[in-house]
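# Fold and contact review
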Amino acid sequence: MTPTYLQFGPASAALHRPQGGKARIGLLVMHRSANYLNHVAAVELAKRGYMVLCMNSRFQNNEVQMNFEKLPRDVVRGVEFLRKQDGMESVLFFAHSGGGPLLSFYQALAENGAQYSQGPNKLTQGSDELDGLPQVDGIIFADAHPGNSVLVLRGLNPSVADDDNPLYGAVNPELDPFNPDNGYNLSGPSQYPTEFRQKYYRAQAARMSRLIEKAQAMKALLANGPYPYPDNDIFLIPRGGPQGSGPGASAYLWLSDPTLAEVNETAKEAKLLKNDGNIVVEKVRSTMTYDRTIASRHVQFDLGTKVLSVNSFLSANAVRARHSIDDIDYESSNNSTFAAVRRISVPVLFAAMGGFFLIRDNERLFEVSASKDKDFIVVEGAGHFITPIRATEREPGAFDNCVYNLFDYVDEWIRARY
């Protein structure tokens, strides 16, 4: 059916009705900045009998002016709208990708109040307006990432010695992920040794700490002067990856070395949803392959430099850490799925896509989730956008069914609970 387009103040939405027009269960699909009005979940869930509201936030395609703590005021308009629909009994979130940190943040606020977003350890504070948000009844996390803050941390190139001078002359060769001496292979998959990886992850955290200090110093000048602007200023992160949270040309080691178990493999046996619809239980490794072009794209301005503002960096793209994999202060950022799921009690499903690099993160989100009703599954052959990754098929059509399999599983999970 043709969607109905709606405006909720500064946010926009597309309402996808099931055949017949009425549904007793509604799902809200949203990302902090991407256009989700025609998300694949809309068609797949609507044809299974659900009402689906796809929303774009006030900061659609606008990372520079992003204020993450304002976004729950957009989300609540969608939740209230679905609650008011005739015959509506339950409202759930479908939290895909960057929808993970956003919608889990909302639910953590709804269950715990505005105080969840406040405190001396937070890089930015939520306002008391975030009190009293209506809760939803459950969340499906579809390849949700751990937070833009975490992905920015892990995408930083720590070999940049001076953030104001990213020329190669200022690069530390001992931390350069594109240096063959460190395990980089220009013509095939790289193999980074453990010692280098651990040094790299600690250095990423150190660079993030320097960036936070720089932004906080600029913020103090904005407030107290002297400074050209009273409100905000541009904040560039050279060799930091592209806008948004996608892999792009970020300095993720696993884009060059896809064998890294710390991100691309479950720590325990997990449910794997096979292309034929069957579920097997085994240790699951991502089927993603290496990126041949990352080194050349990473040094570009368009693809390798984050263009943020002081406020958007601190609000949505920064997190304190001592190690980018194993020692992150998730509570320091409100853009943190890990912090939020520890405060959420409603049923949750974590579905990782088997052809991307969020398998271990989704397993860990499942492990730390406070919900008593939680599930975790990996979808064989699916890329981050849920569609099949053809380049890694063993034979043509080997991953044809990943979209249908995921949404059939989601349908069964919902109907068993609501």
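Described below are features of the structure shown in this document. (Residues numbered from 1 in each chain as written. Predicted model: local features only at pLDDT ≥ 70, side-chain atom pairs only at ≥ 80, totals over all residues. Heavy atoms only, no water.)

### A few points about the overall build of the chain
Counting secondary structure elements, the chain contains 13 helices and 14 strands. The C-alpha radius of gyration of the chain comes to 21 Å, within 12% of the 22 Å expected for a compact globule of 418 residues. Each of the 418 residues in the chain was classed as buried or not, and the buried ones make up 61%. Contacts in the chain between residues at least 24 apart in sequence constitute 73% of all its contacts with a sequence separation of at least 6. Of the roughly 16,200 Å² of accessible surface on the chain, a fraction of 50% belongs to carbon and sulfur atoms. (Helix = DSSP H or I, 4+ residues; strand = E, 2+ residues; numbered from the N terminus. Rg over C-alpha atoms; globule rule 2.2 N^0.38 Å. Buried < 20%, exposed > 50% of the residue type's maximum accessible area, 1.4 Å probe, protein only. Contact = heavy atoms within 4.5 Å. Areas by Shrake-Rupley, 256 points an atom, 1.4 Å probe, with all protein chains shown as cover.)

### Re helix H2 (residues 72–83)
Look at H2: 16 Å from first C-alpha to last across 12 residues, which is about the 16 Å you get at 1.5 Å a residue. Those residues of H2 lying buried are Pro72, Asp74, Val75, Val76, Gly78, Val79, Phe81 and Leu82. The elements touched by buried residues of H2 are strand E1 (4–8), strand E2 (11–16), strand E3 (25–31), strand E4 (51–56), strand E5 (90–96) and helix H3 (99–112). (Expected span 1.5 Å × (residues − 1).)

### Describing the nonpolar core
Grouped together as the largest cluster of nonpolar side chains are 78 residues, with contacts concentrated most on Leu28, Leu53, Phe93, Ile139 and Phe313. Discounting chain neighbours no more than four positions away, the residues touching Ile139 are Phe93, Ala95, Leu103, Gln107, Ile344, Val346, Pro347, Val348, Leu349 and Trp413. In terms of nonpolar packing, the next biggest core, distinct from the first, is built from 31 residues, Tyr50, Ile140, Ile386 and Val403 among them. (Core = buried A, V, L, I, M, F, W, Y, C linked by side-chain atoms within 4.5 Å.)

### Here's the deal with helix H13 (residues 402–415)
Residues three or four positions apart in an α-helix share a direction because the helix packs 3.6 residues into each turn. The terminal C-alpha atoms of H13, which comprises 14 residues, lie 20 Å apart, in line with the 20 Å expected from a rise of 1.5 Å per residue. Of all the 14 residues making up H13, 10 are buried; the element is thus mostly covered by neighbouring parts of the structure. Looking only at H13, the buried set comprises Cys402, Val403, Asn405, Leu406, Phe407, Tyr409, Val410, Asp411, Trp413 and Ile414.

### With respect to the sheet that holds E3
On the basis of which strands lie adjacent, the open sheet formed by 10 strands has the order E1-E2-E4-E3-E5-E6-E13-E14-E8-E9 and mixed pairing. Here the strands that pair on one side only, and so sit at the sheet edges, are E1 and strand E9 (279–282). Recorded for the sheet is a direction-independent mean angle of 25° between the axes of neighbouring strands. Judged from the 6 bridges that link them, strand E13 (residues 348–353) and strand E14 (residues 374–379) form a sheet pairing that is parallel. Among the inter-strand pairings, Met353 is bridged to a residue of E14, identified as Val379. Strands E1, E2, E3, E4 and E5 of the sheet are contacted by H2, whose axis makes an angle of about 165° with E3. Set on the sheet, H13 makes contact with E3, E5, strand E6 (138–142), strand E8 (270–273), E9, E13 and E14; between it and E13 the angle comes to about 170°. (Pairing = 2+ DSSP bridges. Axes fitted to C-alpha atoms, helices over the stretch in contact; angles between N-to-C directions.)

### Considering the pairing of E13
Buried residues dominate E13, accounting for 6 of its 6 residues. Relative to E13, E6 is paired through 4 bridges, and the arrangement is parallel. Of the residues in E13, the one forming a bridge with Phe141 is Phe350. Note that the unit made of E13, helix H12 (residues 359–368) and E14 has a crossover that is right-handed. (Right-handed = clockwise from strand over helix to strand, strands pointing away.)

### Considering the side chain of Thr266
Tracing the backbone through its elements, the reader meets Thr266 in the loop between helix H7 (261–264) and E8. The class for Thr266 is buried, based on a relative accessible area of 1%. Only 2.8 Å separates the side chain of Thr266 from the backbone oxygen of Lys268, close enough to count as a polar contact. (Polar contact = N/O pair within 3.5 Å; in protein donor to acceptor, adjacent residues only side chain to side chain.)

### Some thoughts on the state of the cysteines
Summed over the entire model, instances satisfying the criterion amount to 0 disulfides. We note that Cys54 lacks a disulfide partner, and the nearest cysteine sulfur, in Cys402, lies 19 Å from it. (Disulfide = S-S within 2.5 Å.)

### Description of unusual backbone geometry
Cis geometry marks the peptide bond from Gly225 to Pro226, where omega comes out at -5°. Although it is not a glycine, Asn61 adopts a positive phi angle of roughly 55°. With respect to the element layout, Asn61 can be found in the loop between E4 and H2. For Asn61, a relative accessible area of 64% translates into the label exposed. Of note, the phi angle at Ser97 is positive, near 55°, even though the residue is not glycine. By the element assignment, Ser97 lies in the loop between E5 and H3.

### Notes on the pattern of salt bridges
Following the criterion strictly, the structure yields 26 salt bridges and no others. When the shortest N-O distance is used, the salt bridge between Glu89 and Arg24 registers 3.3 Å. A residue pair is termed long-range when its members are at least 10 positions apart, and Glu89 in the loop between H2 and E5 and Arg24 in the loop between E2 and E3 qualify at 65 residues. When its relative accessible area of 54% is taken as the criterion, Glu89 is described as exposed. In this structure Arg24 comes out as partly exposed when scored by relative accessible area, which is 31%. Connected through shared salt-bridge partners, Glu44, Lys47, Arg48 and Asp408 make up one network. (Salt bridge = Lys/Arg side-chain N within 4 Å of Asp/Glu carboxyl O.)

### Concerning the packing of aromatic side chains
One pass over the structure, following the stated rule, counts 18 aromatic pairs. Pairwise contacts between aromatic rings join Tyr192, Phe196, Tyr200 and Tyr201 into one cluster. In this arrangement the basic side chain of Lys214 is found over the ring face of Phe235, its NZ or CZ atom lying 5.4 Å from the centre. A cation over an aromatic ring shows up here: Lys374 above the ring of Phe366, its NZ or CZ 5.2 Å from the ring centre. (Phe/Tyr/Trp six-rings, centres within 6.5 Å; stacked < 30°, edge-to-face > 60°. Lys NZ or Arg CZ within 6 Å of the ring centre and 35° of its normal.)

### A few points about the pairing of E2
Working note: regular strand, side chains alternate between the two faces of the sheet. The buried fraction of E2 is high, at 6 of 6 residues. Residues Ala11, Ala13 and Leu15 point to one face of E2 and Ser12, Ala14 and His16 to the other, with burial holding for every one of them. Pairing analysis gives 5 bridges linking E1 to E2, with the strands arranged antiparallel. Each bridged residue has a counterpart across the sheet, and for Gln7 the counterpart in E2 is Ser12.

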